[in-house]
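In case you want the letters, here they are:
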Amino acid sequence: MPERHRGAWERATRHPFVAGVRDGTLTESAFAAWLVQDYRFVGHLLRFQARLVARAPRSAQAVLAAGTVALVDELGWFERQVGALGLDLDAPELPATTAYLDLLDRLDGVEAPIAMAMLWAVERVYLDAWSYAAPGAPAFRDCVSHWTTPAFAVYVRQLQDAADRSLSEHVAGPDLDTPFAEVVAAEVAFWDMALARRESS
Ligand code: HMH
């Protein structure tokens, strides 16, 4: 799938935000804006994924349920990061965040195997983006290692396998390109949003 959308995938996974994490040129305020908005995103992703567990094929339940528990832990991780930097978790939701949450809500209404494939895309884009940033400038290393641990890579692979399996068993001739392009565009807009906040937040 990333191969068929090479240009867009690179814009999402080698975005200037991620390049700034890598070389240390990312401003603290852009990072702070991203952290607070991503906390909201993960909170919504948890709800999306919990509903997906409930409607997924039997063979996909284990990986989705384990991932759901991991998202609960991840919210705690965000709270610790945000607390350490003294940021406000109640900062307003920005438009690119709202647009991405709306996309998750739409994916909540598509067949479960397609929604699973899109969940894989959401996670894979982070694996690739943070891997591109690795090891990252010292200030951002904690984040980089969070999304580049071998366990996260294994999870992303398991999601892919589970999505492939349920697509082949349950959906004939799915259009994955349209929702995939939407996910990747939402990722680019999310990074753009954080970078645009570099002076103001
Ligand atoms: C915007 N995309 C965004 N945030 C995340 N935390 C992930 C993907 C991966 O969970």
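Residues numbered from 1 in each chain as written. Predicted model: local features only at pLDDT ≥ 70, side-chain atom pairs only at ≥ 80, totals over all residues. Heavy atoms only, no water.

**Let's talk about the packing of aromatic side chains**
The geometry of an aromatic ring pair comes down to the distance between the two centres and the angle between the two planes. Scanning the entire structure with this criterion turns up 21 aromatic pairs. Taking the centre distance of 4.9 Å and the plane angle of 45 degrees together, the rings of Phe-31 and Phe-140 count as tilted. One end of the pair, Phe-31, is in helix H3 (residues 28-55); the other, Phe-140, is in the loop between helix H6 (112-133) and helix H7 (141-146), with 109 residues separating them in the sequence. Judged by relative accessible area, which is 7%, Phe-31 ranks as buried. For Phe-140, a relative accessible area of 5% puts it in the buried group. Relative to Phe-190, the ring of Phe-41 has its centre 6.0 Å away and its plane inclined at 65 degrees; by these criteria the two rings are edge-to-face. Taken together, the positions of Phe-41 in helix H3 and Phe-190 in helix H9 (residues 177-196) put the pair 149 residues apart, joining distant regions of the chain. (Phe/Tyr/Trp six-rings, centres within 6.5 Å; stacked < 30°, edge-to-face > 60°. Helix = DSSP H or I, 4+ residues; strand = E, 2+ residues; numbered from the N terminus. Buried < 20%, exposed > 50% of the residue type's maximum accessible area, 1.4 Å probe, protein only.)

**Concerning the site of the ligand**
With respect to spatial proximity, the complete set of residues near the ligand consists of Asp-38, Phe-41, Val-42, Leu-45, Tyr-100, Val-122, Glu-123, Tyr-126, Trp-147, Glu-187 and Phe-190. Between the ligand and the protein, one listed contact pairs an oxygen atom with a side-chain N or O atom of Glu-123 at 2.9 Å. Within the contact set of the ligand, a nitrogen atom lies 3.2 Å away from a side-chain nitrogen or oxygen of Tyr-126. Look at the ligand: alone it shows 280 Å² of surface, and the protein chains cover 100% of it. Every element with two or more residues in the shell around the ligand is listed here: H3, H6 and H9. Looking at the shell around the ligand, the element that brings in the most residues is H3, giving four residues. (Near = heavy atom within 4 Å. Polar contact = N/O pair within 3.5 Å; in protein donor to acceptor, adjacent residues only side chain to side chain. Areas by Shrake-Rupley, 256 points an atom, 1.4 Å probe, with all protein chains shown as cover.)

**Things to note about the confidence of the model for the protein chain**
Confidence in the prediction of the protein chain, expressed as mean pLDDT, is 94, and 98% of residues score 70 or more. Mean pLDDT across the elements of the protein chain ranges from a minimum in H7, with 92, to a maximum in helix H5 (residues 95-107), with 98. (pLDDT = per-residue confidence, 0-100.)

**Some remarks on unusual backbone geometry**
Cis geometry marks the peptide bond from Ala-134 to Pro-135, where omega comes out at 0 degrees. Inspection of the secondary structure puts Pro-135 in the loop between H6 and H7.

**Points about the side chain of Thr-97**
For Thr-97, the location among the structural elements is in helix H5. Ignoring anything within four residues of it in the chain, the contact list for Thr-97 reads Gln-37, Arg-40, Phe-190 and Met-193. (Contact = heavy atoms within 4.5 Å.)

**So, the packing of H3 against helix H4 (residues 61-84)**
At a closest axis distance of 9 Å, the pairing of H3 and H4 adopts a crossing angle of 160 degrees. In terms of axis orientation, H3 runs roughly antiparallel to H4. In the packing of H3 onto H4, the handedness of the crossing is left-handed. Per-class residue counts for the contact of H3 with H4 are 16 nonpolar, six polar and three charged. (Axes fitted to C-alpha atoms, helices over the stretch in contact; angles between N-to-C directions. Parallel < 35°, antiparallel > 145°, perpendicular 65-115°, else oblique. Left-handed = near helix turned anticlockwise from the far one by under 90°. Nonpolar A, V, L, I, M, F, W, Y, C, P; charged D, E, K, R; others polar.)

**Describing the nonpolar core**
Of all hydrophobic cores here, the largest spans 73 residues; its most connected members are Phe-17, Trp-34, Phe-41, Leu-64, Trp-130 and Trp-147. Broken down by element, this core gets its largest block of residues, 16 residues, from H6. What Phe-17 contacts, discounting residues up to four positions off in sequence, is Leu-26, Ala-30, Phe-31, Trp-34, Trp-130, Trp-191, Ala-194 and Leu-195. (Core = buried A, V, L, I, M, F, W, Y, C linked by side-chain atoms within 4.5 Å.)

**What about the pattern of salt bridges?**
The full count for this structure, using the stated rule, is six salt bridges. The salt bridge involving Asp-108 is made with Arg-51; its shortest N-O contact spans 2.7 Å. Here Asp-108, found in the loop between H5 and H6, pairs with Arg-51, found in helix H3; they are 57 residues apart in sequence, far enough to count as distant. Since its relative accessible area comes to 36%, Arg-51 is described here as partly exposed. For Asp-128, the salt bridge goes to Arg-124, with nearest N and O atoms at 2.9 Å. In this pair, Asp-128 and Arg-124 both sit in helix H6, four residues apart, roughly one turn of the helix. Taking relative accessible area as the criterion, Arg-124 reaches 25% and is therefore assigned partly exposed. (Salt bridge = Lys/Arg side-chain N within 4 Å of Asp/Glu carboxyl O.)

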